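Overview (structure and organization)
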Amino acid sequence: MMRKKSVSASKASLVLFLCQMISALEVPLDSKLLEELSQPPTITQQSPKDYIVDPRENIVIQCEAKGKPPPSFSWTRNGTHFDIDKDAQVTMKPNSGTLVINIMNGGKAEAYEGVYQCTARNERGAAISNNIVIRPSRSPLWTKEKLEPNQVREGDSLVLHCRPPVGLPPPIIFWMDNAFQRLPQSERVSQGLNGDLYFSNVQPEDTREDYICYARFNHTQTIQQKQPISVKVFSTKPVTERQPVLLTPTGSTSTKVELRGNVLLLECIAAGLPTPVIRWIKEGGELPANRTFFENFKKTLKIIDVSEADSGNYKCIARNILGSAHHVISVTVKAAPYWITAPRNLVLSPGEDGTLICRANGNPKPNISWLANGVPIAIAPEDPSRKVDGDTIIFSHVQERSSAVYQCNASNEYGYLLANAFVNVLAEPPRILTSANKLYQVISDSPALLDCAYFGSPKPEIEWFKGVKGSILRGNEYIFHDNGTLEIPVAQKDSTGTYTCVARNELGKIQNEVQLEVKDPTMIIKQPEYKVVQRYGHVSFECIIKHDSTLLPTVIWLKDNDELPDDERFLVGKDNLTIMNVTDRDDGTYTCIVNTTLDSVSASAVLTVVAAPPTPAIIYARPNPPFDLELTGQLERSVELSWIPGDENNSPITNFVIEYEDGLHEPGVWHYQTEVPGTQTTVQLKLSPYVNYSFRVIAVNEIGRSQPSEPSEQYLTKSANPDENPSNVQGIGSEPDNLVITWESLKGFQSNGPGLQYKVSWRQKDVDDEWTSVIVANVSKYIVSGTPTFVPYEIKVQALNDLGYAPEPSEVIGHSGEDLPMVAPGNVQVHVVNSTLAKVHWDPVPLKTVRGHLQGYKVYYWKVQSLSRRSRRHVEKKILTFRGNKTFGMLPGLEPYSSYKLNVRVVNGKGEGPASPDKVFKTPEGVPSSPSFLKITNPTLDSLTLEWGSPTHPNGVLTSYILKFQPINNTHELGPLVEIRIPANESSLILKNLNYSTRYKFYFNAQTSVGSGSQITEEAVTIMDEVQPLYPRIRNVTTAAAETYANISWEYEGPDHANFYVEYGVAGSKEDWKKEIVNGSRSFFVLKGLTPGTAYKVRVGAEGLSGFRSSEDVFETGPAMASRQVDIATQGWFIGLMCAVALLILILLIVCFIRRNKGGKYPVKEKEDAHADPEIQPMKEDDGTFGEYSDAEDHKPLKKGSRTPSDRTVKKEDSDDSLVDYGEGVNGQFNEDGSFIGQYSGKKEKEPAEGNESSEAPSPVNAMNSFV
């Protein structure tokens, strides 16, 4: 038996689906349906009743309506028809009733003041708008008035009147000064509701002449300003205090009328000294809570949203220490009409009954009147189905012609309400609005709601069937709702199926099918459990779920009902949550939430973190091996392995590693199979055919891996065809007439069965040949003989066993063997770019003659001879390889002014082809290298002797040498630069007419016709006396380099028996210096084992003499020069010379010592006395030194400016470690026979050598001390 059920409060969630009016038809909000049904007009948008417009802008009076068919619009103005076609300034928007009055093009807003009403009409009725009163806003100017200054006694009250002009709407009032700053207000000074400024008592600081009242008219965005008011406060002593007196309102009582829903504002402002305090009360009641506010320092009482209950007497009390004053305001709350029941649209079927109800309230009670289609109902066309009974219209047995729009007007003296409600009589056959074949999915044992939204007039009857041809549904297991919905309170799996909804009325019948699927509920079959874990331990919560296979679940974990911390210690697995290194903050409740599109379940567990017990100490170890391995679910290509974990030994197991043994192919060898998380104890393993499997499991924790478990039982899988073919198939010929086919053989378990073999197939590419095939045993190479040289072949290798072949293999391209190229490149051309670079071109060889993979071209080139020396040397060929099919290349690093030869050869995988004919080319001249050395010898009072060596690499024909020099004064400033050009065949020069005792800096370089080479620099000093003592220093380091060795010589001044060493390294390299010890006290050394054609840096040092050493010199190894080294230290002439020099120095020191003891002056002292230098200060005997003078400049290093040429460039030879810094000493060099030539000079240069302090003219005692 069918049972009906309407919506109850307990099933509020179904209201949107089930709510249906019984008394009349409800038209569903279906856009397609609404477009098809006829409907009387409905006003959807209109301007406000009191519409104040900006007189400077166009007036837009809104009136929008809907209906079917679309309505037309008309207007009345001041109660009469408004013909917009006769007024050019007025237009109506298309498909709308909105009026636009064009004010900006000449119209005046005042001309369009009035009351407007819009009517929207179609064939089923007419709806009307409210009466819209149009008024332009006004912001008039202040009337001019003469304002007298206000002179007020201190303590008296004062009111400054604003009296703003009357505007529409009323302006907003505020007070400011001339600087447009708001005047400060307080309990003593404040602005009233009428805009006046009230002073409860004036103070001297109130004196000012710029009290200005401003009125802001918001509609027109204008501000009007009143003339400034002047206030002057004069003082009288003493100031009289006064009790409160109310400034506003006046008298003891007043009345106030306010409308319901508005804001009630009551104001009391009092005068008095001290300033009174205001308090408010309601006689016989309390001020309404939550709606009462105090403003303006409690001088204003504000009650919002007032109602009739707020009527009564309100008392304000002003009080100070002298007394009080009060005022009672009697408030009456009236009410404009407001709705109790507004009329609602009525949709009826022919012959049905209905009512329109219009109930309103107000104070006084409003009058109710009805209109039909905008006409008072008393004069409207009669309708026999209609009867008016006060605020109700009753309709009986309506027909389609009864359709109309009715207006209800409720009015009293404070306003009116107007509402439109239509009666729409429709005769429509049934329509089903629910989509066809809509799918509903629900969880088993939960309600299922199958929708059948419908419409028809008269209202259709609804029936439900299960299946297309099933019987009508009846019985207590179904609930049929008035809106057509079928409810199955408890859906079961057998409820799944197709359901048919049938709607019928007297005008027709229609049906619709929907689908219902009932899913299994989602369940948590293993919930997380309460855990207690020690700090820094690991913990895991399980959440294993079971769900319908067609639903996709998502698992979310929460901590204390919030998201998990963003911490890598929290590991969320498929069915677990693991927390690593637990801390106290991890304590809390953990919730597992499982969501599907249809249901949601959750489970929670608490985690308690405790401190680890101090004893016994926890021993962490590798886990024990798993045990009890079991194989289940054996299939041809898979098996399930399960095990029981061993003891984790206080360190949680992080993962399990599964290994397998192939007892058939590789017994005793275990291979990696897979690994699973430590929370998992079963795994589905993929298997290969023809393998005798055994498995073992290894547990892993943070400490390490366990011992392997005992092997599982063996499982032999069935044989099958091979699944794959060999990989890395290649075809490369080893000889010009063969093709070697290679591949990587399949592993044992990849064979999938016994009798593994390979079918090798080949055929020449791009030739219409058949495949040639051969079956070979389990090998990885096959050689095809008798092939043409270097032709492409298509190759494939297929695996097979006793059960059959593997899938068809893919083809690869190989080549038979290569042979050497047949021809040499032709048309070899050389273009010399500059003295060190050339570009070579050649024509490519035909690819057929390459007979292999073209790898590129090789260019062989070598230097035949130097055009400057005209001497040949050992030929060293250089090779440059240019990859690919290039036909040109650059030859860098050539030597200038030299003759070269080159040839070009093509290269393939087999080797090089024949060389092209040798091509000869010459490089032009370049700039020379720096002179090999520059020595300055034989200093006298006005001359210096310069000796030099020709450049190691002249790079052309030398044309001349350029010498530049300039003096350096005591402040290390450079003097004028002098330049001398010297013929190329000279090797020495004596410079005369120099200043005595003056340091000079020299710049020396060689020239070819191309230009000047790099320069070498040196410094020297002319002497100021012919006799100079010696002091320790090393200078004039020179080199003579061959291919693999170099002769190093230097000059030394200082004590005998110095131990020298030579340091050297590759120029420009950051590597440490290499050190060689010099035997004895020789002033030369031979560096051996050098690399030819390499630039080296070298310096010489002496041990035991404050560690001083020479500045650096740079040389470059080159061609070997025939020489014969002789150790001059063993030569008799050298020993004799050294003895004579030593004897001469000893005699000189004795003579100087005698002269000093006699108090005499030696020539240098006399010259110093004649030309006193302010820089020279006498040395005191008590400072531990001897002598009568010293040069302060001796201890100052030479400024960098003195080492910089006049062109401000710094050359490589201009280092701060220059040899010239150490003055003159032994000038020596190696001759071609290896002998040493040197001479001593008795002149010391001004610069000290790295910490050795000595004056320019030391005393004989100091000179003697230097030999001690």
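Here is a short report on the structure shown in this document. Just so we're clear, the structure is a prediction, and the values are computed from it rather than from any experiment. (Residues numbered from 1 in each chain as written. Predicted model: local features only at pLDDT ≥ 70, side-chain atom pairs only at ≥ 80, totals over all residues. Heavy atoms only, no water.)

Now for the layout of surface pockets. The computed volume of the second largest pocket comes to approximately 1,000 Å³. Taken together, 35 residues form the lining of the second largest pocket, with Ser540, Asn576, Gly678, Thr679 and Gln680 sitting closest to its centre. Going through the elements one at a time, strand E49 (539-542), strand E50 (544-546), strand E53 (570-572) and strand E54 (576-579) are the ones with two or more residues in the lining of the second largest pocket. Broken down by element, the lining of the second largest pocket gets its largest block of residues, four residues, from E49. Residue classes in the lining of the second largest pocket are distributed as 15 nonpolar, 13 polar and seven charged. (1 Å grid on protein atoms, 1.4 Å probe; cavity = no way out; pocket = protein on both sides within 12 Å on 5 of 7 lines; lining within 4 Å. Points joined across faces, edges and corners; volume = space filled by probe spheres on them. Helix = DSSP H or I, 4+ residues; strand = E, 2+ residues; numbered from the N terminus. Nonpolar A, V, L, I, M, F, W, Y, C, P; charged D, E, K, R; others polar.)

On to the sheet that holds strand E56 (residues 600-610). The mixed open sheet is built from five strands, whose spatial order is E48-E56-E55-E51-E52. Both outer strands of the open sheet, strand E48 (531-534) and strand E52 (562-563), are each paired with one neighbouring strand and no more. Pairing geometry for strand E55 (residues 588-595) and E56, over eight bridges, is antiparallel. If you follow Asn595 over to E56, its bridge partner there is Ser600. (Pairing = 2+ DSSP bridges.)

Using the criterion set out here, one finds 37 salt bridges in the structure. Linking Glu947 and Lys935 is a salt bridge whose minimum nitrogen-to-oxygen distance equals 3.8 Å. With a gap of twelve residues between them, Glu947 in strand E80 (residues 944-951) and Lys935 in strand E79 (residues 931-937) connect regions that are remote in the sequence. A relative accessible area of 27% means that Glu947 is categorised as partly exposed. A cluster of three or more residues bridged by salt bridges with shared partners is formed by Arg153, Asp156 and Arg242. (Salt bridge = Lys/Arg side-chain N within 4 Å of Asp/Glu carboxyl O. Buried < 20%, exposed > 50% of the residue type's maximum accessible area, 1.4 Å probe, protein only.)

Looking now at the side chain of Gln750. Within the fold, Gln750 resides in the loop between strand E65 (738-744) and strand E66 (757-764). A polar side-chain atom of Gln750 sits 2.5 Å from the main-chain amide nitrogen of Lys747. (Polar contact = N/O pair within 3.5 Å; in protein donor to acceptor, adjacent residues only side chain to side chain.)

What we call a disulfide is simply a covalent bond connecting the sulfur atoms of a pair of cysteines. In the structure shown here, the tally under the stated rule is six disulfides. Each sulfur of the disulfide joining Cys358 and Cys408 lies 1.6 Å from the other. Classification of the bridge connecting Cys358 and Cys408 rests on its S-S torsion, roughly -70°, and on that basis the disulfide is left-handed. Residue Cys358 is found in the loop between strand E30 (354-357) and strand E31 (359-363), and its partner Cys408 is found in strand E36 (residues 404-412); the two are separated by 50 residues along the sequence. Accessibility classification places Cys358 together with Cys408 in one group, the buried group. For the protein chain, numbering the cysteines in disulfides from first to last along the sequence yields the connectivity 1-2, 3-4, 5-6, 7-8, 9-10, 11-12. (Disulfide = S-S within 2.5 Å.)

This part is about the packing of aromatic side chains. Applying the stated criterion across every chain, the model contains 24 aromatic pairs. On the basis of an interplanar angle of 5° and a centroid distance of 5.5 Å, the ring pair of Tyr693 and Phe695 is categorised as stacked. By relative accessible area, which is 3% here, Tyr693 ends up buried. Note on Trp842 and Phe882: the rings are 6.0 Å apart at their centroids and 45° apart in plane angle, and the pair reads as tilted. Of this pair, Trp842 sits in strand E73 (residues 837-843) while Phe882 sits in strand E75 (residues 878-883), and the two are 40 residues apart along the sequence. On the basis of relative accessibility, which here comes to 11%, the residue Phe882 falls in the buried class. Grouped by ring-pair contacts, the aromatic residues Phe174, Phe180 and Tyr214 constitute a single cluster. Here Arg1099 stacks its cationic end above the ring of Trp1073, 3.9 Å away from the centre of that ring. (Phe/Tyr/Trp six-rings, centres within 6.5 Å; stacked < 30°, edge-to-face > 60°. Lys NZ or Arg CZ within 6 Å of the ring centre and 35° of its normal.)

Let us now look at the nonpolar core. Counting 30 residues, the largest nonpolar core has Ile59, Ile61, Trp75, Ile101, Tyr116 and Ile134 as the members making the most contacts within it. Counting only elements with at least two residues in this core, the list comes to strand E2 (50-53), strand E3 (59-61), strand E4 (63-68), strand E5 (72-77), strand E8 (99-101), strand E9 (114-122) and strand E11 (132-136). Per-element accounting of this core gives the leading share, three residues, to E9. Those residues in contact with Tyr116, other than ones at most four positions away along the chain, are Ile61, Trp75, Thr76, Arg77, Phe82, Ile101, Asn130, Asn131, Ile132 and Ile134. Formed by 21 residues, the second largest nonpolar core is a distinct cluster that contains Ile432, Trp464, Ala491 and Leu516. (Core = buried A, V, L, I, M, F, W, Y, C linked by side-chain atoms within 4.5 Å. Contact = heavy atoms within 4.5 Å.)

Turning next to the sheet that holds strand E57 (residues 627-632). With respect to topology, three strands assemble into an open sheet ordered E57-E58-E61, the strand pairing being antiparallel. Every interior strand has two partners, whereas the edge strands, E57 and strand E61 (682-686), have only one. Averaged over all pairs of adjacent strands, the angle between their axes in this sheet comes to 25°, without regard to strand direction. (Axes fitted to C-alpha atoms, helices over the stretch in contact; angles between N-to-C directions.)

Below, the discussion takes up the environment of Asp353. Following the sequence through the fold, Asp353 ends up in the loop between strand E29 (346-348) and E30. For Asp353, a relative accessible area of 48% gives the class partly exposed. Residues Asp353 and Val398 lie 45 residues apart in sequence; the distance between their C-alpha atoms is 6.5 Å. Within the structure, Asp353 has its side chain in polar contact with the backbone nitrogen of His397 (distance 2.7 Å).

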